[in-house]
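This is what each chain is made of:
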Amino acid sequence: MPKAIIVGAGLAGIASAIRLSIKGYEVAVYEANDYAGGKLSDFKQGDFRFDAGPSLFTMPQYVDELFELAGKNPKDDFEYEKLDTICKYFWDDKTTLTAFADVDKFATEVEENTKSDAKELKNFLKKSETIYDITHEVFLEKSLHLLNTYTNTNTAKSFLRFGEIDAFRTMAKANQSFFKDDKMVQYANRFATYNGSNPYKAPATLNIIPHLEQNFGAYFPKGGMYAITKSLVKLAEDLGVVFKYNIIVDDIVVEDKIVKGIKVKQQFIAADVVISNMDVYFTYKKLLKDQKQPQQILKQERSSSALIFYWGIKQEFKQLSLHNIFFSNNYKQEFEAIFKDESICNDPTVYVNISSKYHIEDAPKGCENWFTMVNVPNNTGQNWETLIAETRKNIIKKLNKNLEVDLENLIENESILDPRTIESKTSSFRGSLYGTSSNNQFAAFLRHANFSKQIKNLYFVGGSVHPGGGIPLALLSAKIVADMVKEH
Ligand code: FAD
């Protein structure tokens, strides 16, 4: 049986392991941490449970597909429910807006609470769907680095409609043309943060994202986000995949431009195929030090990072839902601070995720588990201690004002994740959440390919390579690689 080694048990690593195992490979996954999931992990804090990283689950079909490939019914091992309320939005002037999954209901909210109307929202979502229809097959589901992607008729049809994907103006510009109310422009611009980009720089093609959330739906896995990791690891193990934890891969061994295996503490382990789920930057800098480095790709701007306060809160808030956003009063300044000044503004947009709204076991009775996050620059050596202390104060001030509480007194326990710890825990270069940013029209073409052009049988998956960051795309990277690897 041919052997495949996967470096890293992030989501794309696990998905690759499942796919290669089904293709007839003996698969071993080497993981530096003592747990699987990378960014998608969880932890306990007193009587509270927290999902550490991702909180929004879209495109569950890419998880289901892995069970189906293995001949299983996904419903038996991995359940999730569709959210009726996708997100609640709050502004300091007390405007609130609930994004219901039901578009007509959401449109009524827009009409009642903003100066925009139902038609504006529906036109915006229609455009989002059109961009998805034109781009998803070429840009998300296939390698952009293989000739046969471009010789297929569907690709040709997509390229004929290139003008419709809105690549030549920024999201912010496009969204001003969709909505007359600035609050709705802010709502629409927010989707740039779903891959760590800046809406004032990113092409309006990123307006594809609301289609994934609003038209396909947002979901909550039974048991919380970590259930995705847990159920996929179990599926992989059932297929015979072996996970080796607490092992840092030191080298990818290459001879005559063919991958031969890996090295762990000077010990050589042979493999016919190696797939790196480690951030592509560190894969080259640490595991492929002696190989030619793709300089242009490695120096692309990185996505933003996050500062998260995990708070056990001694109160329940009926006005909050699973996903809640408290908008900044100056969105442009917020992104300038992140991407230009490499700092955090004094009035950042605050995201509060409360999984105990759906999974009550995550917090004791009468309490809630608050995952409180702001978007921040990636780590370039800022004075994080000062930035964290100031931002904590600013977040509390904003939430106090919006919710009319004294939050400090309600925080029972706290832990913090910042760009430095994201980097050290998951080996993400600079702690960026989504690999490279999409702050220009060429970003999709400047992500690293899913295979090595110089080294045979070496592949790359995960948020730092094509098609990009986020759970659905990381899972798709595994699919693209599996389609390239020889069947046995
Ligand atoms: P990663 O999670 O990056 O894991 C890589 C793994 O490789 C790690 O476990 C690491 O330890 C291991 N590794 C690295 N180097 C080595 C080595 N040399 N030897 C052995 N092991 C090694 N996405 C969404 O879809 N929705 C969200 O709401 C969302 N929110 C997010 C919030 C936060 C705070 C973060 C951090 C991310 C968020 N994301 C979100 C992004 C999402 O988490 C990732 O895109 C996704 O988990 C894909 O991860 P990956 O496969 O690239 O692997």
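Per an unreviewed UniProt entry, the chain goes by 1-hydroxycarotenoid 3,4-desaturase CrtD and derives from Pedobacter alpinus. Comment text from UniProt for the chain, heading Pathway (unreviewed entry), reads "Carotenoid biosynthesis."

(A) Spotlight on helix α9 (residues 182-189). Counting buried positions along α9 yields seven of eight residues, so the element is predominantly enclosed. When α9 is considered as a whole, its buried residues turn out to be Lys183, Met184, Val185, Gln186, Tyr187, Ala188 and Asn189.

(B) Seen up close, the site of the ligand. Around the ligand, the surrounding shell holds 34 residues, and the nearest of these are Glu31, Lys39, Gly463, Gly470 and Ile471. At a separation of 2.6 Å, an oxygen atom of the ligand approaches a polar side-chain atom of Lys39. Within the contact set of the ligand, a nitrogen atom lies 2.9 Å away from a backbone nitrogen or oxygen of Val249. Across the complex, the protein chains shield 95% of the 1000 Å² of accessible surface that the ligand would expose by itself. Those elements that provide at least two residues to the shell around the ligand are α1 (11-22), α16 (419-426) and α17 (471-484). It is α17 that contributes the most residues to the shell around the ligand, three residues altogether. Class assignment for the residues of the shell around the ligand results in 17 nonpolar, 14 polar and three charged. A domain split of the shell around the ligand shows at least three residues from each of domain 1 (3-80 + 222-299 + 437-484) and domain 2 (82-219 + 302-426).

(C) Broad picture of the pairing of strand β13 (residues 267-270). Pairing geometry for strand β12 (residues 258-264) and β13, over four bridges, is antiparallel. Of the residues in β13, the one forming a bridge with Val264 is Gln267. From the end of β12 to the start of β13, which pair antiparallel, there are two residues, and Lys265 there has a positive phi angle of about 45 degrees.

(D) Broad picture of the environment of Lys332. Tracing the chain through its elements places Lys332 in helix α14 (residues 331-339). Residue Lys332 is classed as partly exposed on the basis of its relative accessible area of 44%. Residues Lys332 and Tyr200 lie 132 residues apart in sequence; the distance between their C-alpha atoms is 7.2 Å.

(E) Expanded view of the domain arrangement of the chain. By domain assignment, the chain separates into domain 1 (3-80 + 222-299 + 437-484) and domain 2 (82-219 + 302-426). Its C-alpha centre places domain 1 at a distance of 25 Å from the equivalent point of domain 2. Between domain 1 and domain 2, the contact holds 46 residues from the first and 57 residues from the second. Between domain 1 and domain 2 lies a buried interface of about 3900 Å² when both sides are counted; carbon and sulfur atoms form 60% of it. Three residues, Phe48, Leu56 and Asn439, lead the burial of domain 1 against domain 2; their summed loss comes to 16% of the area buried on that side. For the side of domain 1 that touches domain 2, the secondary-structure elements that each account for two or more residues are β3 (42-45), β4 (48-51), β5 (57-58), α12 (280-287) and α17. Across the side of domain 1 that touches domain 2, the residue classes break down as 23 nonpolar, 16 polar and seven charged.

The rules behind these values
- All residue numbers refer to position in the chain's written sequence, counted from 1.
- For this predicted model, a pLDDT threshold of at least 70 governs which residues receive local features, and a threshold of 80 or more governs which side-chain atom pairs are given and counted, while totals over whole chains, interfaces and linings are taken from all residues.
- Note that the side-chain values use all heavy atoms of the structure and ignore hydrogens as well as water.
- UniProt positions are given in the numbering used here, feature names are shortened, and annotations may be inferred rather than shown by experiment.
- The buried label applies to any residue whose accessible area, calculated with a 1.4 Å probe on protein chains only, is under 20% of its type's maximum; exposed applies above 50%, and partly exposed to all values in between.
- Helix and strand definitions here come from DSSP, where helices need a minimum of 4 consecutive H or I residues and strands a minimum of 2 consecutive E residues; each element is numbered from the N-terminal end.
- Only heavy atoms are used to decide nearness, and a residue is near a molecule or strand if one of them lies within 4 Å of it.
- Nitrogen and oxygen atoms within 3.5 Å of one another constitute a polar contact, given that in protein one can donate a hydrogen and the other can accept it, and given that sequence-neighbouring residues count only through two side-chain atoms.
- Accessible areas in this description were obtained via Shrake-Rupley with a 1.4 Å probe; residue shielding takes into account the shown protein chains only.
- Residues are grouped as follows: Ala, Val, Leu, Ile, Met, Phe, Trp, Tyr, Cys and Pro are nonpolar; Asp, Glu, Lys and Arg are charged; every other residue, Gly included, is polar.
- Residue ranges for the domains trace back to a domain assignment, done automatically or taken from a database.
- Paired strands, in this sense, are two strands between which DSSP finds at least two bridges.
- Should any heavy atoms of two residues lie within 4.5 Å, those residues are considered in contact.
- When two parts are put together, the accessible area they lose, computed with a 1.4 Å probe and summed over both, is reported as buried area.

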